[in-house]
Amino acid sequence: MNLSDDQVQTIVNRVVQDVLKSTPVEFKESVSEENWGVFQDMDDAVEAAYEAFLLYEKMGIQDRKKFTDCVRQVTLDFKEEFSRMAIEQTGMGRLNHKIAKHENVAKHASGIEFLQPECYSGKNGLAIDEYAPWGVIGNISPSTHPSPTMLENIITQLSAGNTIVFNPHPASKGLNAYVIERCNQYMVKAGAPRNLVTCVSEPTLDSAKIMFGHSKTRLLSVTGGPGVVAEAMKYEKPVIAAGPGNPPVLIDETADLELAAKEITWSGSFDNNILCIAEKEIFVVDSVFNSFIKAFERQGNKMLISQQMDHLADKVLEKSGKHYLIRRDFVGRNANILAKVLGLQLADEVPLLFGETEAEHPWVVAEQMTSCIPVVRVQNFEQGIEEAKKAEHHFEHTSSVFTKDMNRATAFAKELKTDIIVINGGTLRGNGGDFGESSFSHTIASPTGQGITNPRDFCRHRRIMTAGAFRFV
Ligand code: NAD
């Protein structure tokens, strides 16, 4: 059979296309020569995200879904590698829990479904309320969940139609740059503009300040401790601030103590207590105190005597103004690593160290974010509420109560006023996803009032009104 030149060319084109379709995307292993959103200079990172926004805002909401689905896929494809890198770079947490956090982000980070417009029609006409993007959002991500927070922020804020620049925590800058590269590579392959998300390769406090003050960052989204929240609020632009917490638990004499011990052990030891919503101190009514301690030990936790709690606090915590902070080397460490400070040898699987302390003890005052929890005896439920409020420092972040008396549970919720309140469960259950109900986020904005954030929180709320027309019924 004789084929013409055109026919040969058509066949060659088809074969090449088939090969390309079946070839998996090959990505280079490290930060590549080609720029995939990682910049040396913060000004360049902001400008690139701005250029990307000008293209992105012309695209449709289904494009947003397609690109954020790519980010969910990155999260699943690299969940183990990202988790291992986080442990290598920050020294914090446990591998299986980090992988679970990535799965939670991929499955449950909130998306475009939160952006349904609202319509109101009546005798005066038709009003439509819409959720519109701001433009470029300047983001700070923490060391405690470097890739899950970044990935979840990307899904949520791109869903809202924005583009994003990050100043990641310096401790995890390598991992965070790698995440940005992977996300851009996947999204560009699906047709996205380049640089929907960007970051700097060498984040510093100065680069954070440039990002905060840049005329092209319209909104700031800050996840971190009190220092960075206070800094971000100095700038004349809106801030969504996910600040610190110090979640107290109160257990009364009606509570199911086995349930309380089991739930607090699971939730309080998850990723070695580095979640801002994890239980940080436990108040127990005197009449059931000893029974709870025994139940908590039966969960595999190691009880310390008071002198050991004091000694460990001396080594692990340090005074900072009125409060205590944990020394960075001890954040998110396994219980057996902390126990070594006391000369104790424990198995790697021991979830938590714990011990009785006074209500003013540094272990109670500090947001410790590691595998040691103080347990405080209170005379009754009412005193427990007062102590829980003090320990929470008015962050209004997260708290929990174990009781069978629902009037007491209601009173607790009214008094504590936290964004997340869990009744008869581990505090992790309050943040939706795989462990609870409703939406999930790694950015829980207590200081600025959004609570568990979703794409609507990263939008401007706009209305269009057609006066005297379009009511058609
Ligand atoms: P961190 O405050 O040490 O660092 C966060 C980021 O802020 C880093 O990038 C850091 O370099 C930067 N930073 C710190 N001080 C700054 C300043 N003055 N100016 C500019 N940038 C500054 O926090 P971390 O150790 O990474 O994370 C743990 C903290 O984050 C805890 O307090 C935890 O409760 C909080 N957190 C809150 C949430 C939430 O949803 N509310 C989620 C995760 C973590």
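Everything discussed here concerns the structure shown above.
*Asks:* I keep staring at the environment of Arg64 and nothing clicks. Help me out?
*Replies:* Within the element layout of this structure, Arg64 appears in helix 3 (residues 61–77). The sequence separation of Arg64 and Ala192 amounts to 128 residues, and the corresponding C-alpha distance is 9.0 Å. With residues near it in sequence (within four places) discarded, Arg64 still touches Tyr56, Ile112, Leu115, Pro133, Leu158, Ser159, Ala160 and Gly161. Side-chain polar atoms of Arg64 contact the backbone oxygen of Ser159, separated by 2.9 Å.

*Asks:* Is there a simple way to think about helix 10 (residues 257–269) in this case?
*Replies:* Residues spaced three or four apart along an α-helix point in a common direction, a consequence of the helix completing one turn every 3.6 residues. Taking 1.5 Å of rise per residue, 13 residues should cover 18 Å, and helix 10 covers 18 Å from first to last C-alpha, within 8% of that figure. The complete set of buried residues in helix 10 reads Leu257, Ala260, Ala261, Glu263, Ile264, Thr265, Ser267, Gly268 and Ser269. Among the structural elements, helix 5 (95–108), strand 9 (248–251), strand 10 (281–285), helix 11 (286–298), strand 15 (372–378) and strand 16 (398–402) are those in contact with the buried residues of helix 10. If you check the start of helix 10, you find a side-chain oxygen 3.3 Å away from the backbone N of Glu258, and it comes from Asp256. Asp271 lies just past helix 10 and shows a positive phi near 50°.

*Asks:* Please explain the packing of aromatic side chains as it appears in this structure.
*Replies:* Where two aromatic rings form a pair, the distance of their centres and the angle of their planes describe that pair. What the rule picks out here adds up to 10 aromatic pairs. Each residue in the set Phe78, Phe82, Tyr178 and Tyr186 is aromatic and connected to the rest through ring pairs, giving one cluster. Seen from the ring of Phe289, Arg377 lies directly overhead, with NZ or CZ sitting 4.0 Å from the centre. One residue, Arg456, lies across the ring of Tyr131, its end atom 5.7 Å from the ring centre.

*Asks:* Honestly, the site of the ligand in this entry has me stumped. Any pointers?
*Replies:* By nearness alone, 29 residues border the ligand, and Ser143, Gly225, Arg328, Glu367 and Ile444 come closest of all. Here an oxygen atom of the ligand sits 2.6 Å away from a polar atom, N or O, in the main chain of Ser143. At a separation of 3.1 Å, a nitrogen atom of the ligand approaches a polar side-chain atom of His397. Here the ligand, which alone exposes 850 Å², has 89% of that area covered by the protein. If you list the elements that add at least two residues to the shell around the ligand, you get helix 8 (205–213) and helix 9 (226–232). For the shell around the ligand, the element with the most residues is helix 9, which contributes three residues. Within the shell around the ligand, the residues separate by chemical class into 12 nonpolar, 14 polar and three charged. Counting contributing residues, the shell around the ligand receives three or more from each of domain 1 (20–243 + 451–463) and domain 2 (248–433).

Conventions adopted
- Residues numbered from 1 in each chain as written.
- Predicted model: local features only at pLDDT ≥ 70, side-chain atom pairs only at ≥ 80, totals over all residues.
- Heavy atoms only, no water.
- Helix = DSSP H or I, 4+ residues; strand = E, 2+ residues; numbered from the N terminus.
- Contact = heavy atoms within 4.5 Å.
- Polar contact = N/O pair within 3.5 Å; in protein donor to acceptor, adjacent residues only side chain to side chain.
- Expected span 1.5 Å × (residues − 1).
- Buried < 20%, exposed > 50% of the residue type's maximum accessible area, 1.4 Å probe, protein only.
- Phe/Tyr/Trp six-rings, centres within 6.5 Å; stacked < 30°, edge-to-face > 60°.
- Lys NZ or Arg CZ within 6 Å of the ring centre and 35° of its normal.
- Near = heavy atom within 4 Å.
- Areas by Shrake-Rupley, 256 points an atom, 1.4 Å probe, with all protein chains shown as cover.
- Nonpolar A, V, L, I, M, F, W, Y, C, P; charged D, E, K, R; others polar.
- Domains from an automatic or database assignment.

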